[in-house]
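Residue-level listing of the chains:
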Amino acid sequence: MKYCSTRGEAPVLDFSDVLLQGLARDGGLYLPETWPQFTPEKIAGFAGQPYEAVAYEVIAPFVGDEIPEADLKAMIAESYAGFRHPAVTPLVQTGANTFILELFHGPTLAFKDVAMQLLGRMMDYVLTRRGLRATIVGATSGDTGGAAIEAFRGRERTDIFILFPDGRVSNVQRRQMTTPSESNVHALALAGDFDDCQAIVKGMFNHFSFRDRVALSGVNSINWARILAQIVYYFVAGAALGAPHRKVSFTVPTGNFGDIFAGYAAMKMGLPVEKLVVATNMNDILARTLETGRYEKRGVTATISPSMDIQVSSNFERLLAEVTGRDGAIVRQMMNQLAQSGSFGIAGGPLAEMRQTFGAGRCGEVETSATIKSTLDEAGYLLDPHTAIGVHVAKAHDDGKTPMVVLGTAHPAKFPDAVEQASGIRPELPENLKDMMTAEERQQILAAQQDVVETYIEDHARAIGAGV
Ligand SMILES: Cc1ncc(COP(=O)(O)O)c(C=O)c1O
Ligand SMILES: N[C@@H](CCOP(=O)(O)O)C(=O)O
């Protein structure tokens, strides 16, 4: 499988290079040249299979011969062995037609673990084979950071630098980043919001002399391998609910558009999907775009679902590439307009194509809390605020016949204050994570400036002179 950039001007790469590159050198995001096609029989055969078996079937065509079958299977098995549920991503029915796909049974209690556990192993594997080191950077609004640090802590071939908005993540999220004591872990608290952190990460990738000197690699969902590992659970859930013989809808609490883009990829590969519903909090750029055809940046508002406090949604660029027929010139033009004026328009066929597949809705703070309370009262199920946004938005898109799967993106114990305030119940962390709440913290507070972050990384990265 070959990969090309959404902006059409970066080198075409194989899987291993896409894995190590993060952002393409033209500023775009890598996409597979074609979508592997699964027959209805193959999809039907996923029902009842162990998660790891489906994961191998879904992931292998994207990896090609870059990683031998036995090694890939071993990495997949190791990645999910530590999850707290034998099904890895179980489905729980919470209403006549509504199911929560619980994605939070990994080590940091967020859906990010599903991809990050595999990404950490695959990067280590490729770096070891090549005898190289890499400097990993990532921006987080709360969950990516903890999951990435958990996946890379103590790894010999990588140093990891995570940029997070100071004071805008939950205590549990912050401690997941600041308490690991391994010397290759660097938690950088920036005075800004998530969009500032993400812009600095992208800025570092576009600063080629720095990028090459420190051998920069990315673990945000700009990295195709993140999306790839997330495609798996759409097939798992779809097959469990009767696909390919009946369609399934998914509502996805959305910020950077990575998780829902994985659903789009599953659909492109043959999974019969009725609707993919984007659920946003008050930072509703994606809901507005689908309504108006105008992608328009506004300031980020802090909410009780902090991981979704995002305005510039990286993976939307992958969808733009798809609906414009992979026309890099059009995507470049839209991204230039966004950089210059803070907005761009989508019209005609591309907008119609988006609307045919995607629905959208937003959920305010009051509704988020009310949904936590009502779901507890009616279904006996305690939601985290992000999943609650999905449940609220899903109601407006439930046709009563098509199974509606809401992606359960985080465990309620990551957001105990918001959940307690809404429900009266303070969710407890699993036993093995409790020590973290009293462990010593280690973080670096930095100005939200690219040059300041680059200097810090140059002073601490071991990949200088030994990297990819
Ligand atoms: C708990 C939670 N829900 C939803 C999202 C949104 O996912 P995505 O950025 O892939 O759209 C995030 C962060 O990405 C998250 O951490
Ligand atoms: N919500 C995310 C933001 C980063 O998203 P990513 O999927 O691109 O890594 C977070 O929790 O950090």
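Above: the structure in question.
About the cut-offs
Residues numbered from 1 in each chain as written. Chains lettered and ligands numbered in written order. Predicted model: local features only at pLDDT ≥ 70, side-chain atom pairs only at ≥ 80, totals over all residues. Heavy atoms only, no water. Helix = DSSP H or I, 4+ residues; strand = E, 2+ residues; numbered from the N terminus. Rg over C-alpha atoms; globule rule 2.2 N^0.38 Å. Buried < 20%, exposed > 50% of the residue type's maximum accessible area, 1.4 Å probe, protein only. Contact = heavy atoms within 4.5 Å. Areas by Shrake-Rupley, 256 points an atom, 1.4 Å probe, with all protein chains shown as cover. Near = heavy atom within 4 Å. Polar contact = N/O pair within 3.5 Å; in protein donor to acceptor, adjacent residues only side chain to side chain. Nonpolar A, V, L, I, M, F, W, Y, C, P; charged D, E, K, R; others polar. Phe/Tyr/Trp six-rings, centres within 6.5 Å; stacked < 30°, edge-to-face > 60°. Lys NZ or Arg CZ within 6 Å of the ring centre and 35° of its normal.

Undergrad: Give a detailed account of the overall build of the protein, specifying residues and quantitative values.
TA: Counting its secondary structure elements, the protein contains 19 helices and 15 strands. Against the compact-globule benchmark of 23 Å for 468 residues, the protein has a radius of gyration of 20 Å, which places it among compact chains. The principal-axis extent of the C-alpha atoms belonging to the protein is close to 60 × 50 × 50 Å. Counting only residues that meet the buried cut, the protein has 62% of its 468 residues in that class. Sequence-distant contacts, at least 24 apart, represent 76% of the contacts inside the protein between residues at least 6 apart. Just so you have it, the protein exposes about 16300 Å², and 49% of that area is on carbon and sulfur atoms.

Undergrad: I'd love a proper account of the site of ligand 1, names of residues and values included.
TA: Looking at ligand 1, there are 15 residues lining it, with Lys112, Asp143, Gly255, Asn256 and Thr409 nearest. In this structure, an oxygen atom belonging to ligand 1 sits 3.2 Å away from a main-chain N or O atom of Gly258. Between Ser307 and ligand 1, the recorded distance is 3.4 Å, taken from a side-chain N or O atom to an oxygen atom. Alone, ligand 1 offers 380 Å² of accessible surface; in the complex the protein occludes 97% of this. Of the residues assigned to the shell around ligand 1, the class counts are five nonpolar, seven polar and three charged.

Undergrad: Residues and numbers for the side chain of His186, please.
TA: The topology assignment puts His186 in strand S7 (residues 185-190). Other than its neighbours up to four places away in sequence, His186 contacts Ile160, Phe161, Ile162, Tyr456 and His460.

Undergrad: Please set out the packing of aromatic side chains residue by residue, giving values where relevant.
TA: Counted under the stated rule, the structure contains 19 aromatic pairs. Geometrically, the ring pair formed by Phe38 and Phe46 is edge-to-face, given 5.9 Å between the ring centres and 75 degrees between the ring planes. According to the relative accessible area criterion, Phe46 is buried, its value standing at 6%. Site record: aromatic cluster; members linked through ring pairs are Tyr3, Phe15, Trp35, Phe62, Trp224, Phe257, Phe261, Tyr264, Tyr295, Phe316, Phe344 and Phe358. In this arrangement the basic side chain of Lys42 is found over the ring face of Phe38, its NZ or CZ atom lying 5.1 Å from the centre. The ring of Tyr56 has Lys73 sitting right over it, with the charged end atom 4.7 Å from the ring centre.

Undergrad: Before we move on, could you go through helix H13 (residues 316-323) and cite the residues and values that matter?
TA: With eight of its eight residues buried, H13 lies for the most part within the structure. Trailing H13 by a residue or two, Gly325 shows a phi angle of about 70 degrees, which is positive.

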